[in-house]
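The lines below spell out each chain.
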Amino acid sequence: MTRLRFLGAASVVSGSRHLLETSGSRVLVDCGLFQGEKELRERNWEKFPVPPQSIDAVVLTHGHIDHSGYLPRLAREGFRGPVFVTPATADLLGLLLYDSAKCQAEDALFANRKGYAKHKPALPLYEERDVDRALRLVRSVPRLEWFEAAAGVRCRFHEAGHMLGSSFVETEARDAPSAPATRIVFSGDVGRFNAPLYKDPVSPPACDYLVVESTYGDRDHTPARPLEELEAVTKEAIARGGMMLVASFAIGRCQQLVYLLRTLMAAGRLPDMSIWVDSPMAVDAMEVFRRHGLEHDFSEARLAGVAEALASPFVRMAKTAAESKAINSHTGPGIVIASSGMMNGGRILHHLARRLPDPRTTVLVAGYQASGTRGRQLVEGARFLRIHGRDIPVKAAVRQVDALSGHADRPEIDRWLGDLPAPRRTFLVHGEPPAARGMAEFLRERRGWETVVPAIGDVAELDG
């Protein structure tokens, strides 16, 4: 009997982990970290629901930490199978995982030094040597090429349009060589149509079961006008006279922002001004993005009549701690793009601690903010933000640019599905309960599909 175990990203957004089991194989689709509220983060420390050594393979839809960040811990606990990824994801994965290990080590060290950790001493979930172990397992496979993940389970990647290298996974599972295949599609994160820098997601093939994200399943985005929205909020920040801080995922969102800001400046729609990319990982990722130029869509730059580049003389790369600290001496308008995207950690926290009390500062929120994160608190109007054990007053202006969201909304998921025949069941994952229920109801009403919103730990039997 083929079955699915929902081990993460079920009624929550983070911790994507879907275990596909046949009579003889176990394949884990995505291996993400739980992020956000404390109760979720503590799940990262729980014993994995099945022995890691019993998992035959991991297949990653893309490199974002909520889909890949548990991999070093899994390897530390005994997993030794292959990890299948696209070529671009293979190039990005080391950057993401080493950065994750470094951030955890730094946060634990800082917590121990300042004495605000609950556990004594605070420890990282994994270390760089665990990342080394995990990366040795990585196997790169181009999109559209079938590969055998494990006995009786074969997969192939398709463009998902969410970030560089992102894919959804088409899977065929058989309980026996002569048995009919059960076809499952795992959406991963589905990107938006006409998104800056990324190609549109392609529609999925017919399948028996669909596992689809629902991050924005209860809402519709406003019509996307990324250049116009970014131009307006940046001009407002300039008029305010202070710095604009952008908490950004170092891989994906950061490159989109640099590309759009550079396009606006080159077109004369924004004045030339300094942009700091304050993240060692983002700096290294810029080179990976250039190396995979054929995966990009430079439509905005072409329409603006400017060169299709990801950098300009006004983009400054702050890789070392000294280069990051030097930004503190800047006065007047400027833009700092720093990780992490949900303000969970990383260098953005130091900039926020310094500049949030200044009413001339603008904080730009340019992506989804999970419940319990500092980014969500700011969006919801927090007057104070707790950073490194201190309550920092929020006097800065907080603005959002929805056009830069990396996740499809209801109409875009519907467009992505295209003419897909009704699966036997559709599982709504990677969404908080209202969003997942909203997407489930939308698909039932619009398409007449049977939909299920699983919880973490649920098991679904899949008929062949």
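As a starting point, this report considers the structure included with it. (Residues numbered from 1 in each chain as written. Predicted model: local features only at pLDDT ≥ 70, side-chain atom pairs only at ≥ 80, totals over all residues. Heavy atoms only, no water.)

**Remarks on the overall build of the chain**
The helix and strand tally for the chain stands at 14 helices and 24 strands. By the compact-globule yardstick of 23 Å for 464 residues, the chain fits well, its C-alpha radius of gyration being 22 Å. The dimensions of the chain, computed from C-alpha atoms along their principal axes, are 70 × 55 × 40 Å. A buried classification covers 58% of the 464 residues belonging to the chain. Looking at the chain alone, contacts between residues at least 24 apart form 75% of all its contacts between residues at least 6 apart. By element, 49% of the accessible surface of the chain is carried by carbon and sulfur atoms, the whole surface being about 18000 Å². Placing the 59 positive and 57 negative side-chain charges of the chain at their respective mean positions leaves the two points 6 Å apart. (Helix = DSSP H or I, 4+ residues; strand = E, 2+ residues; numbered from the N terminus. Rg over C-alpha atoms; globule rule 2.2 N^0.38 Å. Buried < 20%, exposed > 50% of the residue type's maximum accessible area, 1.4 Å probe, protein only. Contact = heavy atoms within 4.5 Å. Areas by Shrake-Rupley, 256 points an atom, 1.4 Å probe, with all protein chains shown as cover. Lys, Arg positive; Asp, Glu negative; His and termini not counted. Charge placed at Lys NZ, Arg CZ, Asp CG, Glu CD.)

**Regarding the sheet that holds strand E16 (residues 315–318)**
Ordered in space as E16-E14-E17-E13-E18-E21, the six strands form an open sheet in which the pairing is parallel. Pairing within the sheet leaves two strands with one partner each, and these edge strands are E16 and strand E21 (397–400). Across this sheet, the average inter-strand angle for adjacent strands is 20°, counted without regard to direction. Direction of pairing for strand E14 (residues 275–278) relative to strand E17 (residues 334–338): parallel, over a ladder of four bridges. When the sheet's bridge partners are listed, Asp-278 is paired in E17 with Ala-338. Where helix H7 (residues 253–266) meets the sheet, it contacts strand E13 (243–247), E14, E16 and E17, and its direction lies at approximately 160° from that of E17. Seen against the sheet, helix H11 (residues 348–355) touches E13, E14, E17 and strand E18 (362–365) and runs at an angle of roughly 145° to E13. (Pairing = 2+ DSSP bridges. Axes fitted to C-alpha atoms, helices over the stretch in contact; angles between N-to-C directions.)

**Concerning the packing of helix H13 (residues 410–417) against helix H14 (residues 433–447)**
The contact between H13 and H14 brings their axes to 11 Å, and the two run at 50°. Taken together, the axes of H13 and H14 lie oblique to each other. As for how H13 packs across H14, the hand of that crossing is right-handed. For the pair H13 and H14, contact is made by Arg-410, Ile-413, Asp-414 and Leu-417 and by Met-439, Phe-442, Leu-443, Arg-446 and Arg-447, respectively. Its residues placed into classes, the contact of H13 with H14 shows five nonpolar, no polar and four charged. (Parallel < 35°, antiparallel > 145°, perpendicular 65-115°, else oblique. Left-handed = near helix turned anticlockwise from the far one by under 90°. Nonpolar A, V, L, I, M, F, W, Y, C, P; charged D, E, K, R; others polar.)

**What to know about the side chain of Arg-347**
For Arg-347, the position within the fold is in the loop between E17 and H11. The exposure class of Arg-347 is buried, given its relative accessible area of 16%. Separated by 2.9 Å, the side chain of Arg-347 and the backbone oxygen of Ala-318 make a polar contact. Sequence-distant contacts of Arg-347, defined by excluding residues within four places in its chain, comprise Asp-278, Ser-279, Pro-280, Ala-318, Lys-319, Thr-320, Ala-321, Ser-324, Ala-338 and Ser-339. (Polar contact = N/O pair within 3.5 Å; in protein donor to acceptor, adjacent residues only side chain to side chain.)

**Observations concerning the layout of surface pockets**
Roughly 1700 Å³ of internal volume is contained in the largest pocket. If you trace the largest pocket, you find 49 residues lining it, with Arg-41, Gln-104, Asp-107, Asn-344 and Gly-345 closest to the centre. Mapped by element, the contributors of at least two residues to the lining of the largest pocket are helix H1 (38–41), helix H2 (65–68), helix H4 (87–114) and helix H12 (374–379). Element by element, the count of residues in the lining of the largest pocket is highest for H4, at eight residues. The computed volume of the second largest pocket comes to approximately 780 Å³. As for the second largest pocket, its lining consists of 29 residues, of which Lys-102, Glu-106, Gly-346, Arg-347 and His-350 are closest to the centre. (1 Å grid on protein atoms, 1.4 Å probe; cavity = no way out; pocket = protein on both sides within 12 Å on 5 of 7 lines; lining within 4 Å. Points joined across faces, edges and corners; volume = space filled by probe spheres on them.)

**Comments concerning the side chain of Thr-2**
One can find Thr-2 in strand E1 (residues 2–8). Judged by relative accessible area, which is 1%, Thr-2 ranks as buried. A distance of 3.1 Å separates a polar atom in the side chain of Thr-2 from a polar atom in the side chain of Asp-175. Leaving out residues up to four positions away in the same chain, Thr-2 has contacts with Leu-20, Glu-21, Thr-22, Ala-173, Asp-175, Ala-460, Glu-461 and Leu-462.

**A word on the sheet that holds strand E3 (residues 26–29)**
One open sheet holds the seven strands; their spatial order is E6-E5-E4-E3-E2-E1-E24, and the pairing between them is mixed. Only two strands of the sheet have a single partner each, and these edge strands are strand E6 (138–140) and strand E24 (459–462). Here the average twist between neighbouring strands, direction ignored, is 25°. Bridge count for E1 against E24 is four bridges, and the pairing is antiparallel. Bridge assignment links Leu-4 to a residue of E24, and that residue is Ala-460.

**Section: empty space enclosed by the protein**
Per the counting criterion, the structure on display carries five cavities of 30 Å³ or more. Roughly 160 Å³ of volume is contained in the largest cavity. Lining the largest cavity are 15 residues, and of these His-64, Asp-66, Phe-249, Met-342 and His-407 sit closest to its centre. Along the lines of polarity and charge, the residues of the lining of the largest cavity split into four nonpolar, eight polar and three charged.

**Brief notes about the environment of Thr-22**
Inspection of the secondary structure puts Thr-22 in the loop between strand E2 (17–21) and E3. The exposure class of Thr-22 is buried, given its relative accessible area of 10%. With 18 residues separating them along the chain, Thr-22 and Leu-4 place their C-alpha atoms 9.1 Å apart. Residue contacts for Thr-22: discarding those within four places in its chain leaves Met-1, Thr-2, Ala-151, Val-153, Ala-173, Arg-174 and Asp-175.

**So, the packing of helix H6 (residues 226–240) against H7**
Taken N-terminus to C-terminus, the directions of H6 and H7 make an angle of 75°; their axes are 10 Å apart at the nearest point. Overall, the two elements H6 and H7 adopt an arrangement that is roughly perpendicular. Of the residues in H7, those touching H6 at Pro-226, Leu-227, Leu-230, Glu-231 and Thr-234 are Leu-257, Leu-260, Leu-261, Thr-263 and Leu-264. A class-by-class count of the residues in the contact of H6 with H7 yields seven nonpolar, two polar and one charged.

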